[in-house]
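Each chain is listed here by its residues.
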Amino acid sequence: MYFQTVILYCQVDEIPIPQEAESLLLQISKKLNLTAIAPPETFIYPHPERAYLIILPIGQSHLSFETWPETNTIRILIDSCKEINTSVLRKEITKYFSIQTLKIEEMITRWP
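What you are looking at is a predicted structure, and each value in this text was computed from that prediction instead of being measured.

## Quick notes on the packing of aromatic side chains
Now for step 1: Counted under the stated rule, the structure contains two aromatic pairs.
Now for step 2: When the centroid spacing of 6.0 Å and the interplanar angle of 10° are considered together, the rings of Y52 and F65 count as stacked. With Y52 in strand β3 (residues 52-58) and F65 in strand β4 (residues 61-68), this pair connects stretches of sequence that are 13 residues apart.
Now for step 3: Judged by its relative accessible area of 0%, F65 falls in the buried class.
Now for step 4: Geometrically, the ring pair formed by Y96 and F97 is edge-to-face, given 4.7 Å between the ring centres and 75° between the ring planes.
Now for step 5: Classification of Y96 as partly exposed rests on a relative accessible area of 33%.
Now for step 6: Taking the relative accessible area as the measure of exposure, F97 reaches 9% and is therefore buried.

## With respect to the side chain of T5
Now for step 1: Note on placement: T5 falls in strand β1 (residues 2-12).
Now for step 2: Since its relative accessible area comes to 18%, T5 is described here as buried.
Now for step 3: A distance of 2.5 Å separates the side chain of T5 from the side chain of D79, its partner in a polar contact.
Now for step 4: Beyond its immediate stretch of four places on either side in the chain, T5 contacts I78, D79, E105, E106 and M107.

## Some thoughts on the side chain of T73
Now for step 1: Mapped onto the fold, T73 is located in strand β5 (residues 73-80).
Now for step 2: On the accessibility criterion, T73 (16% relative accessible area) is buried.
Now for step 3: In this structure, T73 is in contact with C10, Q11, I15, E66, T67 and W68, ignoring residues within four places of it in sequence.

## Details of the pairing of β1
Now for step 1: A large share of β1 lies buried, amounting to eight of its eleven residues.
Now for step 2: Bridge count for β1 against strand β6 (residues 99-110) is eleven bridges, and the pairing is antiparallel. Residue pairing in the sheet places C10 in a bridge with L102 of β6.
Now for step 3: Pairing of β1 with β5 involves eight bridges; the strand directions are antiparallel. Bridge pairing in β5 links I7 to L77.

## Considering the packing of helix α1 (residues 18-31) against helix α2 (residues 86-96)
Now for step 1: Put simply, α1 and α2 touch, their axes get as near as 10 Å, and they point 150° apart. The orientation of α1 with respect to α2, classified from their angle, is roughly antiparallel. Judged by the twist between their axes, the crossing of α1 over α2 is right-handed. In contact with E20, A21, L24, Q27, I28 and K31 of α1, α2 contributes V88, L89, E92, I93, K95 and Y96.
Now for step 2: Split by residue class, the contact of α1 with α2 holds seven nonpolar, one polar and four charged.

What counts, and where the lines are drawn
- Residues numbered from 1 in each chain as written.
- Predicted model: local features only at pLDDT ≥ 70, side-chain atom pairs only at ≥ 80, totals over all residues.
- Heavy atoms only, no water.
- Phe/Tyr/Trp six-rings, centres within 6.5 Å; stacked < 30°, edge-to-face > 60°.
- Helix = DSSP H or I, 4+ residues; strand = E, 2+ residues; numbered from the N terminus.
- Buried < 20%, exposed > 50% of the residue type's maximum accessible area, 1.4 Å probe, protein only.
- Polar contact = N/O pair within 3.5 Å; in protein donor to acceptor, adjacent residues only side chain to side chain.
- Contact = heavy atoms within 4.5 Å.
- Pairing = 2+ DSSP bridges.
- Axes fitted to C-alpha atoms, helices over the stretch in contact; angles between N-to-C directions.
- Parallel < 35°, antiparallel > 145°, perpendicular 65-115°, else oblique.
- Left-handed = near helix turned anticlockwise from the far one by under 90°.
- Nonpolar A, V, L, I, M, F, W, Y, C, P; charged D, E, K, R; others polar.

Function cannot be read off these values alone, since they describe shape.
As structure tokens, this is what we get:
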């Protein structure tokens, strides 16, 4: 069995509102050929600015989008049993945001 975790950290000019981030997660899942199995769910943190977590369940596992308004940072995490093309992910993010910094980390596990 194959598992891949991709974490994208990105410092942006402005944190999007949750509805925009939900649309972005759905768009990313389509571009990566991942199947959303339920609508995204948003959890708002008790913070004066745009601090939230969105989880999108997919048939292959899940995607999440989390924000840190203090530093204008977003994190997109993808856990999947399907291979993720990080260049497609990078392309989608750079189309959507004005980016100050961007980092992608990957971990691949084969089990058993």
